[in-house]
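Each chain is listed here by its residues.
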Amino acid sequence: MLNKSATSKQEPCESLLETENQDIRNMFIEIKKISNRALEPSEKKAILDIIDKFNVTTNLVTFAYEYAKKKKGVPKPVKYIEAIIKGWYDSNLYTLEDVKNSLSDREHRFKLYKIIFDELGFNRIPTRVEKEIMDTWFDKFNMNIDIIIEACSKSKNIASPSIAYINGVVKNWYEEDIKSLADLNKSKEKVSQKRKNGQNNNNIVHRKTKFHNFNETFTQYTSDELDEIIKKSQKEKFKNVD
């Protein structure tokens, strides 16, 4: 009975290996190369169970082994590989192409994080909260890296620059619909033009003509007072004639 039980446990693995499924054969050969050792029958069965459980391809399993070794520096056991594939599955990454695209996007995003931290003089990796803030700049605000670098330059005179401070600058620009250096330059030009227009209006001199002087002088008096002034003026003229 024990021999039958042991034989039955190996049947799924052995039967698959004995078929013409070249993909599975190649997968085990590649995993053997990556692990630098032959796989145990139980490991082979566990790998086949992973393929069935998550409905993934053999090349994705092989890539998971390569990814784990590259990340950790040493070959990892089947349980570790299963955890990686489960993480991809939970993130809706079902094919090798999905996974590679996601890893490429993540690598690109981490490069952006590094550029920003280098600009701020930070010699460390970002925290989870800092990543979320920076992700908002790119994903929600649709900012490009050039405008973010410009925002970082605003902290050069700050004693303790922070992502929170840069976030304030970026949010203000977002509210003004500034998402690129071109947008920022246009905004600066508009502000500059408004200032020039304001200065020009303040520098306008309203020159007074003789009529203005006459009008301003005589509107200060009543009609009777004006008559009296005219009379006095005429008397003075007649005196001069005499």
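The structure reproduced in this document is the subject of the present report.

Conventions we followed
Residues numbered from 1 in each chain as written. Predicted model: local features only at pLDDT ≥ 70, side-chain atom pairs only at ≥ 80, totals over all residues. Heavy atoms only, no water. 1 Å grid on protein atoms, 1.4 Å probe; cavity = no way out; pocket = protein on both sides within 12 Å on 5 of 7 lines; lining within 4 Å. Points joined across faces, edges and corners; volume = space filled by probe spheres on them. Helix = DSSP H or I, 4+ residues; strand = E, 2+ residues; numbered from the N terminus. Nonpolar A, V, L, I, M, F, W, Y, C, P; charged D, E, K, R; others polar. Axes fitted to C-alpha atoms, helices over the stretch in contact; angles between N-to-C directions. Parallel < 35°, antiparallel > 145°, perpendicular 65-115°, else oblique. Contact = heavy atoms within 4.5 Å.

## Remarks on the layout of surface pockets
Roughly 210 Å³ of volume is contained in the largest pocket. Considering the residues around the largest pocket, the lining is formed by F110, Y113, K114, F117, D118, F122, N123, R124, I125, P126 and K131. The greatest single-element share of the lining of the largest pocket, amounting to 5 residues, is contributed by helix α6 (residues 96-120). When grouped by side-chain class, the residues that make up the lining of the largest pocket number 6 nonpolar, 1 polar and 4 charged. Counted as a void, the second largest pocket has a volume near 180 Å³. Lining the second largest pocket are F63, E66, Y67, K70, L103 and E107. The set of elements that each furnish at least two residues to the lining of the second largest pocket consists of α4 (58-72) and α6. With 4 residues, the top contributor of residues to the lining of the second largest pocket is α4. A breakdown of the residues in the lining of the second largest pocket according to their chemical character gives 3 nonpolar, no polar and 3 charged.

## So, the packing of α4 against helix α5 (residues 78-90)
Two elements in contact, α4 and α5, have axes separated by 10 Å at closest approach and are oriented at 110°. Taken together, the axis directions place α4 and α5 in an arrangement best described as roughly perpendicular. Here L60, V61, F63, A64, Y65, Y67, A68 and K72 of α4 come into contact with α5, specifically with V78, Y80, I81, I84, I85 and W88. Broken down by class, the residue content of the contact of α4 with α5 amounts to 13 nonpolar, no polar and 1 charged.

Everything listed is a geometric property; what it means functionally is a separate question.
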